[in-house]
Amino acid sequence: MNRFESRQSQPKLDTDEGWVVQVYGSNRRLLCVLEPSHGWVFLIGCSVGLLLSVIWINVARYSPPLEPTPPRESPALQVD
């Protein structure tokens, strides 16, 4: 008996592969695939949106109030 045949191979856990989420419909058709890059883009978009909203609120808080425009005089009515 060969020494290599009696030895059982241990499954290796490959952590470099990442993850993929596949969504299937009720008829076993593939609807969409979500990859790690989709998650990163979503998180970056949420972060940028939050940053812009905080900046917008701070700018609006410290900007001078808008002055209302003075009312215009209505034209005189011409009666014949």
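Keep in mind it's a predicted model, so treat the numbers as computed, not measured.

This part covers the overall build of the chain. Looking only at helices and strands, the chain has 2 helices and 2 strands in total. Residues classed as buried in the chain amount to 0% of the 80 residues present. When the accessible surface of the chain is summed, it comes to about 9000 Å², and 60% of that surface belongs to carbon and sulfur atoms.

Our next topic: the pairing of strand β1 (residues 21-24). As a general feature of sheets, a regular strand has side chains that alternate between the two faces. As defined by bridge partners, β1 adjoins strand β2 (residues 30-34) across 4 bridges and the pair is classed as antiparallel. When the bridges of β2 are listed, Gln-22 appears paired with Val-33.

A separate point is the confidence of the model for the chain. Of the residues in the chain, 76% reach a pLDDT of 70 or more, and the chain-wide mean stands at 80. Considering each helix and strand of the chain separately, the mean pLDDT is smallest for helix α1 (residues 3-6), with a value of 55, and largest for helix α2 (residues 36-62), with 93.

A surface patch of nonpolar side chains, about 680 Å² in accessible area, is lined by Trp-40, Phe-42, Leu-43, Ile-44, Val-48 and Leu-52. Relative to the helices and strands, Trp-40 resides in helix α2.

This part is about unusual backbone geometry. At Arg-28, a position not held by glycine, the phi torsion is positive, near 65 degrees. Within the fold, Arg-28 resides in the loop between β1 and β2. For Arg-28, a relative accessible area of 75% corresponds to the exposed category.

What counts as what
Residues numbered from 1 in each chain as written. Predicted model: local features only at pLDDT ≥ 70, side-chain atom pairs only at ≥ 80, totals over all residues. Heavy atoms only, no water. Helix = DSSP H or I, 4+ residues; strand = E, 2+ residues; numbered from the N terminus. Buried < 20%, exposed > 50% of the residue type's maximum accessible area, 1.4 Å probe, protein only. Areas by Shrake-Rupley, 256 points an atom, 1.4 Å probe, with all protein chains shown as cover. Pairing = 2+ DSSP bridges. pLDDT = per-residue confidence, 0-100. Patch = residues over 30% accessible without salt bridge, like charges linked within 9 Å, V, L, I, M, F, W, Y side chains within 5 Å. Salt bridge = Lys/Arg side-chain N within 4 Å of Asp/Glu carboxyl O.

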